[in-house]
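One-letter residues, chain by chain:
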Amino acid sequence: MLEKMISHKLIDLFIRVGLIGFLVIYCYQIFKPFIGLMLWSVILAVAFHPMQVSLARRMGDKQGRAATVLVLVILLCVLIPTALLAISFADSATDLVRQVRDGSLKVPAPRAFVAEWPLLGDKLYALWSAAYDDVGAVAAKFEPKIRTVTKEILGYAASAGSAVLKFLVSLVLAGVWMAYASSGHAAARAIANRMAGPEQGDALVRLSTTTIRAVAQGVIGIACIQALLLGAGFILVGVPAAGILALLVLLLGIMQVPALLISLPTVIYVFMTNDSTIMAIMFAIYTIVAGSVDNILKPFMLGRGVDAPMPVILLGALGGMATGGIIGLFLGSVMLALGYQLFMAWVYNDSEQESVGATCRQESRDSSVE
């Protein structure tokens, strides 16, 4: 009789677990296309919430109205530079195609010192000389490779466009989360308390919030500022494809790679093509200052939060971009930094508890000996 009762309970348990597992898997399959979007909207809401609270105080504690105004302002701040970059990219591409077709594209005369460069100097000088004599013939010779590169560039542009669209949708959702921030924070605390216990739940929520804000402000925010500053300089000097170069600066900034990889070739190009030496020197100084803005802002913005190691940000950005495109680059850096901080907090918390226990045991032994 007892065995029969135990078997019935086990069967009931397996059926319940199976039904719960089926429900979880089915819900995950339905929600899977929106996971990245929802995570990014939560990250944006956490990052912009202090601004929304400050704005709500000035608007009579109207949380919903403050969130709406903040979202509209951010939308304008994102759409205007994006539109300028898109126009710059379209103008540069159209002008390049037109010049190649009508034969008006002029390549600067090759510099003699290029031939003295090791390894590729001779080949580069010969290619440059051929392009200077007849750029159309060189373009026709490398037409298959140019077509392949163009397709890849257009693919990246389409990915960037879809990423901007996802960002806008996530920003609207973030406005909804900010409008109901108090109830959302209470739900997050309840979930954390359920996962880690009442003693560690609040600390888990605080650490998550601090990490998200630190990475969003100290990594993504600084990369956006640096890209805007350098992009403005590229446009003012008339550098071709200034919008693409600014986008590359943004991506490199998120991956914690120095913007010197983009700014240095640009400075060399300006010195070689600009007739005004004074203008070229001023552009070089401006580029050095704008390219070093991350070293100035990072101690202030990351110092107020959690300083995540550079390899963690880099791996998160690269892995996120490989799995989720351009939007994954932003999301991956934040999520991996958050996971790293939570893991290290768990490790150090257990170590501290063990050290405290060892100290107590040692004190008890000393007292017993005495």
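Only a predicted model underlies this, so the values are computations on that prediction, with no experimental measurement involved.

1. Digging into the overall build of the protein
Of the regular secondary structure elements, the protein holds 13 helices and zero strands. A buried classification covers 29% of the 370 residues belonging to the protein. Contacts in the protein between residues at least 24 apart in sequence constitute 66% of all its contacts with a sequence separation of at least 6. Carbon and sulfur atoms make up 70% of the accessible area of the protein, which totals about 23,400 Å².

2. A look at the environment of L331
Topologically, L331 is positioned in helix α13 (residues 310–369). Linking L331 and L37, residues 294 residues apart in sequence, is a C-alpha distance of 9.4 Å. Setting aside its immediate chain neighbours within four residues, L331 contacts G36, L39, W40 and I43.

3. Looking at the packing of helix α2 (residues 35–58) against helix α8 (residues 198–237)
Remark: α2 packs on α8, axes separated minimally by 9 Å, with the N-to-C direction vectors making an angle of 85°. Viewed along their axes, α2 and α8 adopt a mutual orientation that is roughly perpendicular. Listed contacts from α8 to W40, I43, V46, A47, H49 and P50 of α2 are T209, I212, R213, A216, Q217 and I220. Here the residues of the contact of α2 with α8 are counted per class, giving eight nonpolar, three polar and one charged.

4. Re the packing of α8 against helix α11 (residues 277–291)
The description of two packed helices rests on the angle between their axes and on the distance between the axes. At their nearest, the axes of α8 and α11 sit 9 Å apart, and the two run at 165° to each other. Relative to α11, α8 is oriented roughly antiparallel. Note that α8 runs across α11; the crossing there is left-handed. Contacts from Q226, L229, L230, A232, G233, F234 and V237 in α8 reach F283, Y286, T287, A290 and G291 in α11.

5. Quick notes on the UniProt feature "transmembrane region" (unreviewed entry) in the protein
The UniProt entry lists residues 12–31, 37–55, 67–90, 153–180, 214–237, 243–264, 276–293 and 313–338 under the feature "transmembrane region" (unreviewed entry), expressed in the numbering used here. Its end C-alpha atoms 28 Å apart, residues 12–31 is made of 100% helix and 0% strand. The straight-line gap between the two end C-alpha atoms of residues 214–237 is 34 Å; of that span, 100% is helix and 0% is strand.

6. Focus: unusual backbone geometry
Although it is not a glycine, D61 sits at a positive phi angle of roughly 60°. Considering the arrangement of structural elements, one finds D61 in the loop between α2 and α3 (63–102). Under the relative-accessibility criterion, D61 is labelled exposed at 54%.

7. Here's the deal with the packing of aromatic side chains
Two measures describe an aromatic ring pair: the distance that separates the ring centres and the angle between the ring planes. In this structure the tally under the stated criterion is two aromatic pairs. Taken together, a centroid distance of 6.0 Å and an interplanar angle of 20° make the contact between F22 and Y26 stacked. Placement of the pair is F22 and Y26 together in helix α1 (residues 2–31), with a separation of four residues, close to one helical turn. Look at F22 and you get exposed, because its relative accessible area is 56%. Between F234 and F283, the aromatic rings sit 6.2 Å apart at their centres with planes inclined by 50°, giving tilted as the arrangement. Remark: F283 occurs in helix α11 and F234 occurs in helix α8; sequence separation between them is 49 residues. As far as burial versus exposure is concerned, F234 and F283 are alike and both buried.

8. What about α11?
Spacing of three or four residues puts side chains on the same side of an α-helix, whose turn is 3.6 residues. Taking 1.5 Å of rise per residue, the 15 residues of α11 would be expected to cover 21 Å, and the 21 Å separating its terminal C-alpha atoms lies within 8% of that figure. Burial in α11 covers these residues: A280, F283, A284, T287, A290 and G291. One face of α11 carries all of its buried residues, which in axial projection span an arc of 135°. Of the exposed residues in α11, the ones pointing more than 90 degrees away from its buried face are I278, M282, I285, I288 and V289.

Reading guide: rules and limits
- Residues numbered from 1 in each chain as written.
- Predicted model: local features only at pLDDT ≥ 70, side-chain atom pairs only at ≥ 80, totals over all residues.
- Heavy atoms only, no water.
- Helix = DSSP H or I, 4+ residues; strand = E, 2+ residues; numbered from the N terminus.
- Buried < 20%, exposed > 50% of the residue type's maximum accessible area, 1.4 Å probe, protein only.
- Contact = heavy atoms within 4.5 Å.
- Areas by Shrake-Rupley, 256 points an atom, 1.4 Å probe, with all protein chains shown as cover.
- Axes fitted to C-alpha atoms, helices over the stretch in contact; angles between N-to-C directions.
- Parallel < 35°, antiparallel > 145°, perpendicular 65-115°, else oblique.
- Nonpolar A, V, L, I, M, F, W, Y, C, P; charged D, E, K, R; others polar.
- Left-handed = near helix turned anticlockwise from the far one by under 90°.
- UniProt positions renumbered as here; feature names shortened; annotations may be inferred.
- Phe/Tyr/Trp six-rings, centres within 6.5 Å; stacked < 30°, edge-to-face > 60°.
- Expected span 1.5 Å × (residues − 1).
- Arc of directions from axis to C-beta.

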